[in-house]
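This is what each chain is made of:
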Amino acid sequence: MGARVTRVLVIDDEAPIRLLCRVNLEAEGMVVLEAADGPSGLALAQEQLPDLVLLDVMMPGLDGWGVAEHMLEGEETARIPIIFLTARAEFRDRARGLDIGGVDYITKPFNPVELAPLVRGLLERLDRGERDELRHEKLTELRSLMSDS
Amino acid sequence: MDADTNAVLFNAVPLLLLAALSLTAAGLRVRASRRQGLLLTDLPAALLAGTGLAAALLGVAVLVEREPLAGRVWLGLVAILVAAAPVALLLTRKPTEPAVPAPAAGAGERLATGLAEALEPEELGRLVADAALERFDLDLVQLVLLGEDARTGQVVAAREAGRDVEWLRGLRLDLDGEQSGISAVVRDPVPLAVVDAPASGTISRRLTDAGMKSCAFVPVLADTGTIGVLVVATRSPRVFSAEQLAQLQSFVAEVAPTLARASTAHARLASAREAALLRATQVLSADVGLDERLSRLAAGLRDLLGAEAVDFWTLVPGSGELECVGAAGGAGAVPGSRAAPGDQPASGGTVESAIVSLGRPRGVVRAHLREPRRLSPADRSLLDGFAGLVAVALQSADASELTSEQATTERGFYRVASVLSEPLSSEATLDAVAQAASESLGGAAAALLRPAGGPLELAAWYELPEELRRALGGDPEDELTAAARSGKLLASKDLARETRFGKALSAAAAAAGFRSLLAVPLAQPRVEANGLVLVFFEEEHTFRDDELELAGHVAGAASGALERSELYELERRSRALAQRLAGGGRELASELDPENVLDLASRLAVELLDAAAASVWVLEGDELVLHAAHGPGAAAGLEARRPSTTWLLGDIVQSRAERTIADARRDARAAETDPLLEAGLVSYLGVPMLAPDGSVQGVLSAYDARPRDWRDEEGEALEALAAAAAAARANAEHYQGVRHEQQRSEAILENVADGIVAVDRDGRVVLWNPAAEHITGVAGAEALGRTPVQVLGRSLGSEGAHDSPRLVAIRRGSEEAWLSLSEAVMTDPAGAVAGRIYAFRDISSERAVEQMKSDFVSTVSHELRTPLTSIYGFAETLLRQDVLFGEPERETFLRYIASESERLTAIVDRLLSVAQLDTGAMSVQLAAVDVASVVSEVVQSLEATLGGNGHRFVVSLPDEPLPAEADRDKLGQVLSHLVDNAVRYSPAGGTVTVGARRADSGVEVRVEDEGLGIPRAEQERIFRKFYRGESGMRTVGAGATGLGLFLAEGLVTAMGGRIWVDSDEGRGATFVVELPAARD
């Protein structure tokens, strides 16, 4: 981890969740940006170009999938890794997240203490240029889960 | 011995001997032929008689001339005598000749005169032709006479309707060189008839050119052979019968000698004596009776001898007396007077000669001379010769008598023969037999009686008056029936004095003017009992043996005729029966109602047998039941029941064989057994109805109103009809079963909830039931005949296994419908695919529910996980050892934990309420509740939790309390849901207005939002479980479970209120809850 401060954008319509993320990421020395809905989150992402976006899927109006798709459209935002926060356990939704460009996902409820290490490890691997391997890993993982069920 | 003696001894004596022999032979021949019933024209007999006569006359001539015959005189005499013989024979028959029509008498007379006057051949030929034209109803007659060598011929006469046919007359024919009927007849001298002259190859074209269609060629025969040919022709086609040809031949034979004479010897007869002799001989051929003949002979002899008078005497058989039979001159005896042989001994003035006929003395010829003188030998010979002529005349008169009897017989035979020769119906034959019997026996009327199941019955008649018809038949005990039974011939000379036949018959006969009766038994074909032919006579008739013999022959012939017509009828009837059966079979086969089959069978039975009635008994268990009937008593008898062992019907069932009763009146059981026999029907024929499997189904019966002898073939035909009916009934029952089955299947298919679609081997729809219409939205009429791909836009079949239902999506109008579809393959007996049946149900709604459930699960999961995430997350955060949180932070965290826990509890409560609604376990505690206060509380509490989203809440309440009958907690829940919904489905910053007021029947609460509103189509659905509005309309809180409105409605209903929504799309929604007013 370099001298640069890691900036994470949290987009979620639930205030307690946003607070939870902020507290725990700031505790690890990261800078947290917040948005309560899709459109403002997308605007913030385009404006601030955070290192990573924690993105809630189920939001009224523009939902997480929509935000991710828009981010892929922008040249700069397309490079920002996304970790989906989802309450849904369906594999289908997880796969969709990865298709759209997310590189990982976290299923609610999650342990907020593990958030920062996850973000950090992910960024390190991406720095090493392992984005494709990462996605491949996650897809393989999904498939094995699907065939088990 | 002098020349005279020589002439007499060597010429006259042998000639007379020859004459006697010939005549005897001829007489015997005639008798023989009569016995054999041969045809009239007996050529050998005629020739024999002719020869006899010729010899007799020649003998007389020799005696007269006292010199041997020589040269042309001899020839001339031969011709004369040849002429005389057959003519004499024929003419004696003429008065009784049946074939000669009355008008012909004129022609016959002229002909006789012409013949007698010995005209020129042409003139003679003309007369002959005219006579033939008239007598035989012809259009053209020509007479051809042959040259001496018979190689040439000349048409001496050709006549047509009273005038000469000029182009034919005088025509010379080369018989060797041409093919013609004439040459054919000359070669083979028998009559030749040609029906279709234009088509014939054997005759010349002359007749055809003259417009003739049919013709006949008759040889003119003289003793020297064929001397000519008579050609007769008609314009219209005509078949010359054997009888007509015979008559033509007789006619020609009649004129042949004259023609021969005319053509050769006419001019030679010069001397007066010869002329007198000729006239005398011609007397024999004249068309007059015996008396006239004899008196003419007497006159001739008187003239020749120059005597005062001449009389002829014959022996009266048995008495020994002589009777004068002919006389000429006033001094002689009167015909009819009698004398003993010795009364008038020959005096000097009288000369006598014995009349010897056929070797026995018949009488005497006596000439009274003017003065006593010894006769010259010539006169003596003349006298003897005349005695011979008288003998011939008498002989021919005897023959004539025989012939007239023979003619009677023959006429009868002709009549019967002509009847026999045609294949007539039975009825026509019976009529003809009656007529033939009457005519042949010379009766005035005739009746034909036949046994009909017992007594004789009048079957046919001829010229029989009605009262006599009524008097005949019906009595089984009368003498006629007895005569028929015994086969005895019965003759009654005087019916008036007759007691055998009963008074009625005698009286009726007398009234009709009949005096005598002849009853002839008539053998019936195929029936044991005899019939009877009755012939009535107007005169008192004494029956001669030959008449009785003839009657027997007529009866025999009639039997033959009946037999033949019977066979003909049989064949005709068999054919008719077969045709009717075939027609009936077709009708039966097309009848599909079992009861109608029986009805039809009974009707067909009536038609088939021309019966008066018919019935069908059906075997039902131990009983026979009358199921169908046609005819008298039919209606009343229906449904009659008899034991299956009953007499007659039961016999038929048990023996599986037909039963007949010709006359059921004789058996009392008949009326007891069968209602139709009870109703007055008399005759019965019953056959078993055998089903195709051989079982007896019942009895098919036919009835008649009169006694009737049912024929074998009628029984067989009825049996065939019964079998056809039984088979048709089995088929109809089978068909009905199939039809019931089909109707049941159709009813099931009509009403089954599943869509059933059948396609044929080509994949075209043949069945599309109402459920299929409903599910697919495609009418059956539109689908039939097309393939599912054409109808639904996709195939229903699949290549894989068909054992489990598949899920198939089709388009139904604008939406997609999901079908759970099973498929069955139908195979034909050969194993090939004959079609497929698809059964499917619409699971679109089930699928939607599934989807909603699935969505619900994920929504609930989300709803639960969100507060859980906060609770768990803040707890973990607080537990962090590496970070020290300040007190305010810790408090915030803990408050979140608390509020999210409450949220979790509310969610669980809601799910619990749904479960209670589902199971009916929801209970409400009703009490008077102030709605206004509840509204205030709910809005306040929600403002706290939902206010963060920027909605503005407006509460509109009256000042007074609004008491309603409600459960306070439940009402709170309802209002929470409604407000929560209003917030979720309206944009941030919007106003949510909650109001309450008193309404007509209670209290009304309204929750208004400014959202997009609810489309009308959705307004009913929103209260369903799991239903959630389109996510696009939601603005806040993704966690709608789709249970809020469902719960709200459930709770309101439980409290006795109701809930509805007023909304227009785009203009917000207002949910209204109405609660009953609180009871005081």
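Rules used throughout
Residues numbered from 1 in each chain as written. Chains lettered and ligands numbered in written order. Predicted model: local features only at pLDDT ≥ 70, side-chain atom pairs only at ≥ 80, totals over all residues. Helix = DSSP H or I, 4+ residues; strand = E, 2+ residues; numbered from the N terminus. Contact = placed C-beta atoms within 7 Å. Buried ≥ 20, exposed ≤ 12 C-beta atoms within 10 Å, placed from the backbone. pLDDT = per-residue confidence, 0-100. Axes fitted to C-alpha atoms, helices over the stretch in contact; angles between N-to-C directions. Parallel < 35°, antiparallel > 145°, perpendicular 65-115°, else oblique. Left-handed = near helix turned anticlockwise from the far one by under 90°. Nonpolar A, V, L, I, M, F, W, Y, C, P; charged D, E, K, R; others polar. Arc of directions from axis to C-beta. Pairing = 2+ DSSP bridges. Core = buried A, V, L, I, M, F, W, Y, C linked by C-beta atoms within 7 Å.

### Quick notes on the overall build of chain A
Here is step 1 of the chain: What chain A contains, in helices and strands, is six helices and five strands.
Here is step 2 of the chain: Ordering the α and β elements of chain A from the N terminus gives β-α-β-α-β-α-β-α-β-α-α.
Here is step 3 of the chain: Considering only contacts in chain A between residues 6 or more positions apart, those separated by 24 or more positions represent 64%.

### Notes on the overall build of chain B
Here is step 1 of the chain: Within chain B one finds 31 helices and 35 strands.
Here is step 2 of the chain: Counting over 1080 residues, chain B shows a buried share of 45%.
Here is step 3 of the chain: In chain B, of all internal contacts separated by at least 6 residues, the share reaching a separation of at least 24 is 62%.

### Observations regarding the confidence of the model for chain A
Here is step 1 of the chain: Predicted confidence across chain A gives a mean pLDDT of 84, with 89% of residues reaching 70 or more.
Here is step 2 of the chain: For chain A, per-element mean pLDDT is lowest for helix 4 (residues 91–100) of chain A, which scores 69, and highest for strand 1 (residues 7–11) of chain A, which scores 95.

### With respect to the packing of helix 27 (residues 887–919) of chain B against helix 31 (residues 1044–1054) of chain B
All names here are of chain B.
Here is step 1 of the chain: Here helix 27 crosses helix 31 at 55°, and the two axes come no closer than 10 Å. As the angle between them shows, helix 27 and helix 31 are arranged oblique. The element helix 27 and its partner helix 31 pack so that their crossing is left-handed. The residues of helix 31 that touch helix 27, namely those facing R910, S913, V914 and L917, are F1046, L1047 and G1050.

### Quick notes on the packing of helix 26 (residues 844–878) of chain B against helix 27 of chain B
Residues and elements named next belong to chain B.
Here is step 1 of the chain: Put simply, helix 26 and helix 27 touch, their axes get as near as 9 Å, and they point 155° apart. With respect to each other, helix 26 and helix 27 are oriented roughly antiparallel. Crossing angle aside, the handedness with which helix 26 passes helix 27 is left-handed. Counted together, E863, L864, P867, L868, S870, I871, F874, A875, T877 and L878 of helix 26 and R890, F893, Y896, I897, E900, S901, R903, L904 and I907 of helix 27 form the full contact between these two elements.
Here is step 2 of the chain: Here the residues of the contact of helix 26 with helix 27 are counted per class, giving 12 nonpolar, three polar and four charged.

### Focus: helix 14 (residues 479–486) of chain B
Here is step 1 of the chain: Inspection of helix 14 of chain B places L480(B), T481(B), A483(B) and A484(B) among the buried residues, and these make up the whole buried set. Within helix 14 of chain B, the buried residues cover an arc of 160° as seen down the axis, which keeps them to one side.

### A short note on the sheet that holds strand 20 (residues 641–643) of chain B
Residue and element names in this part refer to chain B.
Here is step 1 of the chain: In space, the six strands of this open sheet follow the order 20-19-18-23-22-21, with antiparallel pairing throughout. Every other strand in the sheet has two partners, leaving strand 20 and strand 21 (659–661) as the edge strands with one partner each. Across this sheet, the average inter-strand angle for adjacent strands is 25°, counted without regard to direction.
Here is step 2 of the chain: Relative to strand 23 (residues 696–704), strand 18 (residues 613–620) is paired through six bridges, and the arrangement is antiparallel. Across the sheet, the residue bridging to V618 is G698, located in strand 23.
Here is step 3 of the chain: Its contacts with the sheet put helix 22 (residues 712–751) on strand 21, strand 22 (683–690) and strand 23, and the angle it makes with strand 22 is roughly 40°.

### What about the nonpolar core?
Residue and element names in this part refer to chain B.
Here is step 1 of the chain: One finds A132, V229, L230, V231, V232 and A256 to be the most contacted residues of the largest nonpolar core, which totals 52 residues.
Here is step 2 of the chain: Among the elements of the structure, helix 5 (121–136), strand 1 (140–146), strand 2 (152–160), helix 6 (181–187), strand 5 (192–194), strand 6 (214–222), strand 7 (225–234) and helix 8 (242–264) are those that each provide at least two residues to this core.
Here is step 3 of the chain: At eight residues, the largest contribution of residues to this core is made by helix 8.
Here is step 4 of the chain: Contacts of V231, omitting those with residues within four sequence positions, involve V141, Q142, V144, G181, I182, C215 and F217.

### A word on the interface of chain B and chain A
Here is step 1 of the chain: Taken together, the contact pairs 23 residues of chain B with 21 residues of chain A.
Here is step 2 of the chain: Per element, the largest residue contribution to the side of chain B that touches chain A is 13 residues, and it comes from helix 26 of chain B.
Here is step 3 of the chain: Among the residues making up the side of chain B that touches chain A, the classes are represented as seven nonpolar, 10 polar and six charged.

### As for the pairing of strand 30 (residues 952–956) of chain B
Residue and element names in this part refer to chain B.
Here is step 1 of the chain: Counting buried positions along strand 30 yields zero of five residues, so the element is predominantly exposed.
Here is step 2 of the chain: Pairing geometry for strand 30 and strand 32 (residues 991–999), over five bridges, is parallel. Each residue of the ladder has a partner; that of V954, found in strand 32, is T993.

### A look at the sheet that holds strand 4 (residues 82–86) of chain A
Residues and elements named next belong to chain A.
Here is step 1 of the chain: Spatially, five strands are ordered 2-1-3-4-5 in an open sheet, and the strand pairing comes out parallel. Across the chains shown, the open sheet's two edge strands, defined by having one partner strand only, are strand 2 (31–35) and strand 5 (104–107). Ignoring which end each strand starts from, the neighbouring axes of this sheet average 20° apart.
Here is step 2 of the chain: Here strand 4 runs beside strand 5; their pairing, made up of four bridges, is parallel. Looking at the pairing, F84 lines up with Y105 of strand 5.

### A word on unusual backbone geometry
Here is step 1 of the chain: A cis geometry characterises the amide bond from K108(A) onward to P109(A), with omega recorded as -10°.
Here is step 2 of the chain: Summarising the element assignment, P109(A) is placed in the loop between strand 5 and helix 5 (115–127).
Here is step 3 of the chain: Unusually for a residue other than glycine, D610(B) sits at a positive phi of about 50°.
Here is step 4 of the chain: Along the chain, D610(B) turns up in the loop between helix 17 (594–609) and strand 18.

### Observations concerning the environment of G1068(B)
All names here are of chain B.
Here is step 1 of the chain: Structurally, the position occupied by G1068 is in the loop between strand 34 (1058–1063) and strand 35 (1069–1076).
Here is step 2 of the chain: In the structure, G1068 is positioned 54 residues away from I1014 in sequence and 7.5 Å away in space, judged by C-alpha atoms.
Here is step 3 of the chain: Once residues lying within four places of it in the same chain are set aside, the contact partners of G1068 are S986, E1008, D1009, E1010, G1011, G1013 and S1063.

### A closer look at the confidence of the model for chain B
Residues and elements named next belong to chain B.
Here is step 1 of the chain: Residues at a pLDDT of 70 or more form 79% of chain B, whose mean pLDDT is 78.
Here is step 2 of the chain: This model gives residues 70–76 a pLDDT under 50, and the stretch forms six contacts once residues within four places in sequence are excluded.
Here is step 3 of the chain: Predicted confidence is poor over residues 89–105, with pLDDT under 50, and the contacts of this stretch with residues over four places away or in other chains come to 28 contacts.
Here is step 4 of the chain: We note a pTM of 0.40 for the whole complex and an ipTM of 0.91 for its interfaces.

### Concerning the pairing of strand 8 (residues 309–315) of chain B
All names here are of chain B.
Here is step 1 of the chain: Counting buried residues along strand 8, six of its seven residues qualify, which places the element largely inside the surrounding structure.
Here is step 2 of the chain: As paired strands, strand 8 and strand 12 (residues 360–368) are joined by six bridges and run antiparallel to one another. Directly across from F312, in strand 12, lies its bridge partner V365.
Here is step 3 of the chain: One ladder, built from six bridges, connects strand 8 with strand 9 (residues 322–328); its direction is antiparallel.

### Quick look at the environment of D176(B)
Here is step 1 of the chain: You can see D176(B) is positioned in the loop between strand 4 (172–174) and helix 6.
Here is step 2 of the chain: Each C-alpha atom, one on D176(B) and one on A150(B), is 9.1 Å from the other, the two residues being 26 residues apart in sequence.

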